[in-house]
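Structural overview for review
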Amino acid sequence: MVTTPRTVIETQGLGWRYDPSREGQAPVQALRGVDLSIEAGQFVGLVGPTGAGKSTLCMALTGIVPSLAEGRMSGTVRVMGRDTRTTGVVELSRHVGYVQQDPESQLFCASVEDEIAFPLESRGVDPSLMDALIDDALDAVGMRAFRRRQPTQLSGGQMQRVAIAAALVGRPDVLVLDEPTAALDPDGRREVMEALDSIRRREAQGGRPMTIVMAEQHTECFLGRADRIVALDRGGVFADGGMEVFDTMREPLERAGVAQPRGANPRIEVVGAADEGRGDGHDAVIALDHVTYRYPNAPKDAAPALDDVSLRIPRGAFVGLTGRNGSGKTTLVRHFDGLLRPGAGTVTVDGLDVAKHSVGAMARHVGFVFQNPDHQIFCSTVRDEIGYGPRALGVPRQAVTERTGALLDALDLADVADAPPATLDYGARRAVAVASVLAMRTPVLVLDEPTACLDANLAERFLRLADDANARGVTVIMISHDLRAIARHCTHLLRMDGGHVAQWGAIGTGTVGEGAV
């Protein structure tokens, strides 16, 4: 007797239209006629350009759309036999685990262990069993050592691991992941995917096959895992099949900005050892002299976030800053504009001792694009947001208008120039944040993971703008886990490890092979 696989997710004619953000604007059609049927135990990869509707579809599978979002839904969604129109999000969460694109938005407890305990408490799990379950979940994502840390003390990648652990601890039937590896370094990405593999095997052996729906730009994560690839564009499905879709639909996928799955990262040759690289000549635009920094609320036994770092970055360099999550990358660059002040040592940027100048004063010298665009956009229109920085620096009105117009065109933002930036999709908000800093034309530009969660086309557009700035003499510091982007665009490589400079020097002109930094 043949057993028919059980359908756990079914959408029929699913459409979703977001309400306009303000009077006079048109609603935004995010999904159009999506028909899907997903069987128990399947691993489904969602791909598509930035703004294609992947995140909205993920929210529809958890019940957030339509219950908690403002808009109008058409068609139906059934998850584990439950209609999401009539089943509350809390009830669905007993069966569906969800990891959002931005982990910071879903972490709210005082400690990591509280974050993991919260879904267990809401399900009424026996408290005597919780400790072991929390340890298991944190072990699965390599975060057990951070159990008592505050989430606010974690790096973006570490927060993402905690969010995944919180979604896994309740042993959901369905796990929905929206760009879960975007903030992870290559090793962290591999470890998280291997953890998912292990959990799926364990659940299958126990007779509870876990279904995974994962939106992801790093399509190599699907190799050897995905049973099915669903490609979205403009809210509709334009491809649905096995991994062979990447071959049979190669051209339309590449036009849409979907990267082909690739294997190992490039091996980048660096000229000179770290010690030699600390003396890059007299024209250093950034110089750190024995800098140490500890976060005020870090545990007493925790190592410093930066530990006796000395470094000289030459003017006009394009530096790729890489390293494992928590290695000190973001802590380092936040010393460049005074967001952080060293506990010991000195930081000199563009000839200024940063400790002696305010963040506002340093803004004339250092432009900073945060990893999360919502940390820096606040104006009522996109046009005002892009022009705000140069206006604050006293740039003449005509020059501000010209810079703003050029960036609106370069990043395809002209059609939303008068829209509130906070209401745009994630990719567009990233574009606005990048444009608002580029418009200031500071001598130093810091980009914190500028291509995370972006499709290949939009990521390349961002990097070309960074190239253009660098060609004008701007020193660019780019935090990135994308070693291919570093190999293509950067002049120097800086790798951090445990708060130390592990590798520093100019990128050689020799062969770039396959391997790891």
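Please read all numbers here as calculations on a predicted model, not as lab measurements. (Residues numbered from 1 in each chain as written. Predicted model: local features only at pLDDT ≥ 70, side-chain atom pairs only at ≥ 80, totals over all residues. Heavy atoms only, no water.)

1. Some details on the nonpolar core
The condition that has to hold: Throughout this description, the term nonpolar core refers to a set of buried Ala, Val, Leu, Ile, Met, Phe, Trp, Tyr and Cys residues connected via side-chain atoms within 4.5 Å. Throughout, exposure labels follow a simple rule: accessible area from a 1.4 Å probe, protein chains only, divided by the maximum for the residue type, with under 20% read as buried, over 50% as exposed, and the rest as partly exposed. Only DSSP runs of H or I with at least four residues qualify as helices, and only runs of E with at least two residues qualify as strands; both kinds are numbered from the N terminus onward. The contact definition used throughout considers only heavy atoms, calling two residues in contact when any of these lie within 4.5 Å.
One finds Val 47, Ile 116, Leu 175, Met 214 and Phe 222 to be the most contacted residues of the largest nonpolar core, which totals 46 residues. Broken down by element, the residue count for this core peaks at eight residues, all from helix α6 (residues 156–168). Excluding anything up to four places from it in sequence, Val 47 contacts Lys 54, Glu 216, Thr 219, Phe 222, Ile 229, Val 230, Ala 231, Leu 232, Phe 246, Leu 253 and Val 258. One finds Ile 386, Ala 466, Val 476 and Ile 507 within the second-largest nonpolar core, a separate group that totals 42 residues.

2. A short note on α6
This is how the line gets drawn: In a helix, the anticipated span is given by 1.5 Å times the number of residues less one.
Taking 1.5 Å as the rise per residue, α6 with 13 residues should run 18 Å; its terminal C-alpha atoms sit 19 Å apart, in good agreement. Of all 13 residues making up α6, 12 are buried, and the element is well covered by its neighbours. Of all the residues in α6, the buried ones are Gly 157, Gln 158, Met 159, Gln 160, Arg 161, Val 162, Ala 163, Ile 164, Ala 165, Ala 166, Ala 167 and Leu 168. If you follow the buried residues of α6, they end up packed against β6 (96–99), α4 (112–122), α5 (127–140), β7 (174–178) and α7 (186–205).

3. Focus on the packing of helix α15 (residues 426–438) against helix α16 (residues 456–471)
Under the convention used in this document: Orientation is described by lines fitted to C-alpha atoms, with helices fitted over the stretch in contact, and by angles between N-to-C directions that extend from 0 to 180 degrees. In what follows, roughly perpendicular refers to angles from 65 to 115 degrees, roughly parallel to angles under 35, roughly antiparallel to angles over 145, and oblique to any angle outside these ranges.
In the contact formed by α15 and α16, the axes pass within 11 Å of each other and the chain directions differ by 5 degrees. The orientation of α15 relative to α16 falls into the category roughly parallel. Two secondary-structure elements touch here, α15 through Gly 427, Arg 430, Ala 431, Val 434 and Leu 438 and α16 through Leu 458, Phe 462, Leu 465 and Ala 469.

4. Thoughts on the sheet that holds strand β17 (residues 352–353)
Test applied: Being paired, for any two strands, means DSSP has found at least two bridges between them.
Judged by pairing direction, the sheet is antiparallel, and its four strands sit side by side in the order β14-β13-β16-β17 without closing on themselves. With one partner strand each, in any of the chains shown, β14 (306–314) and β17 form the two edges of the open sheet. Direction of pairing for strand β16 (residues 344–349) relative to β17: antiparallel, over a ladder of two bridges. Each bridged residue has a counterpart across the sheet, and for Val 349 the counterpart in β17 is Leu 352.

5. Focus: the confidence of the model for the protein
Where the model shows low pLDDT, its predicted coordinates should not be examined in detail. Selection rule: Scored from 0 to 100, pLDDT records how confident the predictor is in each individual residue.
Mean pLDDT over the protein: 91, with 95% of residues reaching 70 or higher. Low pLDDT (under 50) marks residues 273–281, which in the prediction has 17 contacts with non-local residues, meaning those over four places away or in another chain. Predicted confidence for residues 511–517 stays below pLDDT 50, and this span has 26 contacts to residues more than four positions away or in other chains.

6. Some thoughts on the packing of aromatic side chains
To keep things clear, this is the line we draw: When two rings of Phe, Tyr or Trp (its six-membered ring) have centres within 6.5 Å they constitute a pair, described as stacked for plane angles under 30 degrees, edge-to-face for angles over 60, and tilted for the intermediate range.
Taken as a whole, this structure holds six aromatic pairs when the rule is applied. Their ring planes at 85 degrees and their centres at 5.2 Å tell us that Phe 108 and Phe 118 sit as a pair that is edge-to-face. With Phe 108 in the loop between β6 and α4 and Phe 118 in helix α4, the pair connects residues that are 10 residues apart, well separated along the chain. Phe 108 gets classed as exposed once you look at its relative accessible area, which sits at 57%. Ring centres 5.0 Å apart and planes at 90 degrees place the aromatic pair Tyr 293 and Tyr 295 in the edge-to-face group. Assessed through its relative accessible area of 9%, Tyr 293 is described here as buried.

7. Section: the side chain of Glu 179
How we decide: In this count, Lys and Arg are taken as positive residues and Asp and Glu as negative ones, while His and the chain termini are left out. Note on definitions: salt bridges are taken to be side-chain nitrogens of Lys or Arg within 4 Å of carboxyl oxygens of Asp or Glu.
Mapping Glu 179 onto the fold places it in the loop between β7 and α7. Despite its burial, Glu 179 pairs with no opposite charge, the nearest such side chain being Lys 54 at 4.9 Å. Every residue in contact with Glu 179, bar those within four places of it in the chain, is listed here: Lys 54, Gln 101, Gln 160, Ala 215, Glu 216, Gln 217 and Cys 453.

8. Observations concerning the domain arrangement of the protein
Defined as follows: In this document the domain limits rely on a domain assignment from an automatic tool or a database. Here's the idea: put two parts together, see how much 1.4 Å probe accessible area each one loses, and the total over both is what we call buried area. By the criterion applied in these results, polar contacts are pairs of N or O atoms within 3.5 Å in which, for protein atoms, one can donate a hydrogen and the other can accept it, and in which residues neighboring in sequence qualify only through two side-chain atoms. Charged means Asp, Glu, Lys or Arg here, nonpolar means Ala, Val, Leu, Ile, Met, Phe, Trp, Tyr, Cys or Pro, and polar covers whatever is left, Gly included.
Each assigned domain of the protein is listed here: domain 1 (293–365 + 444–510) and domain 2 (374–441). A separation of 23 Å is found between the C-alpha centroids of domain 1 and domain 2. Here domain 1 packs against domain 2, burying approximately 1200 Å² in sum over the two surfaces, 68% of which is carbon and sulfur. Among the residues domain 1 hides against domain 2, the three largest losses belong to Arg 461, Phe 462 and Leu 465. Together they make up 40% of the total. Taken together, the links from domain 1 to domain 2 amount to one salt bridge. Across the pair Asp 412 and Arg 461 runs a salt bridge, and its minimum N-O distance is 2.8 Å. At the boundary of domain 1 and domain 2, one finds five residue pairs in polar contact (both at pLDDT 80 or more). Elements with a contribution of two residues or more to the side of domain 1 that touches domain 2: β19 (444–448) and α16. Tallying contributions element by element places α16 first for the side of domain 1 that touches domain 2, with five residues. The class makeup of the residues in the side of domain 1 that touches domain 2 is 10 nonpolar, one polar and four charged.

9. Quick notes on the pairing of strand β13 (residues 284–293)
With seven of 10 residues buried, β13 is to be regarded as a mostly interior element. Note that β13 and β14 share six bridges and pair antiparallel. Counterpart to Ala 287 in the pairing with β14 is Arg 312. Bridge count between β13 and β16: five bridges; the pairing is antiparallel. Bridge pairing in β16 places Leu 288 opposite Val 347.

10. Let's talk about unusual backbone geometry
The omega torsion across Val 65 and Pro 66 is 15 degrees, close enough to zero to call that bond cis. Note that Pro 66 resides in helix α2 (residues 64–67). The phi dihedral of Arg 234 falls on the positive side, at around 55 degrees, and the residue is not glycine. Looking at where Arg 234 falls in the secondary structure, it is placed in the loop between β9 (228–233) and β10 (236–241).

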